[in-house]
Amino acid sequence: MDVSIIGSGNVATVLGKLIIKAGHTITEVTSKNIAHAQALAKELNAKANDNISCLSKHADIYLIAVSDNAIEEVCKQIILNDKIAVHTSGAISKDVLQHVSSFYGVLYPLQSLRKDATHNPIIPLLIDANSNAVKQQLKTFASTMSELVYEADDESRLKLHAAAVVVSNFTNHLFALTKEFCDKEKVDFNLLIHMIQEVAARVALYNPAEMQTGPAARKDEQTIQKHLQVLDAYPQLKIIYEVMSKSIQDFQS
């Protein structure tokens, strides 16, 4: 299929590469930053465009891969009639596209994507559409890029998006705070890497609730108080420690 990509960030880049690898063609990359459009277009062997009003109408699928707060503005500027238009957001309804085309939907990659990544992560693709016919076309298209393709309506995607923020963005923030703590306290954060990997690996094998360990799970108040004293100079981390310890104990009660 011929695909036109609107956007040039992480999602646009990663999906663009997947689309090419799957044997499809990227006809055009559109971004308001022409340098970014040209860089990605060169990588995908496509035409670069920085004027959305000059969007080519010759593609089969138009992939709107921009930030959530930019989707509505993009939709106000394009009319694609009988072409398939999809956005890539987990938190925005597919119906934002209803005035863009008669055939529209969502292709949401449920993964943390970075365009500069040196490895290829497994990417579940969640799809939805305004009709069964379009949904089947998107499923066929998505299946060329991933073995993990699932249907998910607006409500399901929003719930999964919220869950993704917790398990990805929130945990990464914990890693960032912890590394800062380790660096300032002159202890090696890298010694925690194997523990991080082990805990993450268990999630695929067991119920996380059954794998809970640590002083909060043991109700070891003496150790908890020692840790809180160590964290006195790190108020953000201390608050999180207190809140999470209470949450663990409340969850188990």
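Residues numbered from 1 in each chain as written. Predicted model: local features only at pLDDT ≥ 70, side-chain atom pairs only at ≥ 80, totals over all residues. Heavy atoms only, no water.

J.: If you had to explain the layout of surface pockets to someone new, which residues and values would you point to?
T.: Put simply, the largest pocket is a space of about 2200 Å³. In terms of lining residues, the largest pocket is bounded by 41 residues, among which Leu174, Val199, Gln212, Met244 and Ile248 are the most central. Elements with a contribution of two residues or more to the lining of the largest pocket: α5 (154-184), α6 (193-203), α7 (215-218), α8 (221-230) and α9 (235-252). Broken down by class, the residue content of the lining of the largest pocket amounts to 28 nonpolar, 11 polar and two charged. If you add up the space inside the second largest pocket, you get close to 1200 Å³. The wall of the second largest pocket is formed by 39 residues, among which Asn10, Val11, Val66, Ser67 and Asp68 lie closest to the centre. Looking at the lining of the second largest pocket, the elements that each hand over two or more residues are α1 (10-21), α3 (68-77), β6 (101-109) and α5. For the lining of the second largest pocket, the element with the most residues is α5, which contributes nine residues. Its residues placed into classes, the lining of the second largest pocket shows 17 nonpolar, 18 polar and four charged. (1 Å grid on protein atoms, 1.4 Å probe; cavity = no way out; pocket = protein on both sides within 12 Å on 5 of 7 lines; lining within 4 Å. Points joined across faces, edges and corners; volume = space filled by probe spheres on them. Helix = DSSP H or I, 4+ residues; strand = E, 2+ residues; numbered from the N terminus. Nonpolar A, V, L, I, M, F, W, Y, C, P; charged D, E, K, R; others polar.)

J.: Could you give me a rundown of the pattern of salt bridges, with the residues and numbers involved?
T.: Evaluation of the coordinates by the stated rule reveals 15 salt bridges. The shortest N-O distance in the salt bridge between Asp128 and Lys94 comes to 3.1 Å. Here Lys94 lies in the loop between β5 (81-87) and β6 and Asp128 lies in strand β7 (residues 125-129), a separation of 34 residues in the sequence. For the pair formed by Asp128 and Lys94, the shared burial category is buried. We note a salt bridge from Arg157 to Asp154, for which the minimum N-O separation is 2.8 Å. One end of the pair, Arg157, and the other, Asp154, are both in helix α5, three residues apart, so they sit about a helical turn from each other. (Salt bridge = Lys/Arg side-chain N within 4 Å of Asp/Glu carboxyl O. Buried < 20%, exposed > 50% of the residue type's maximum accessible area, 1.4 Å probe, protein only.)

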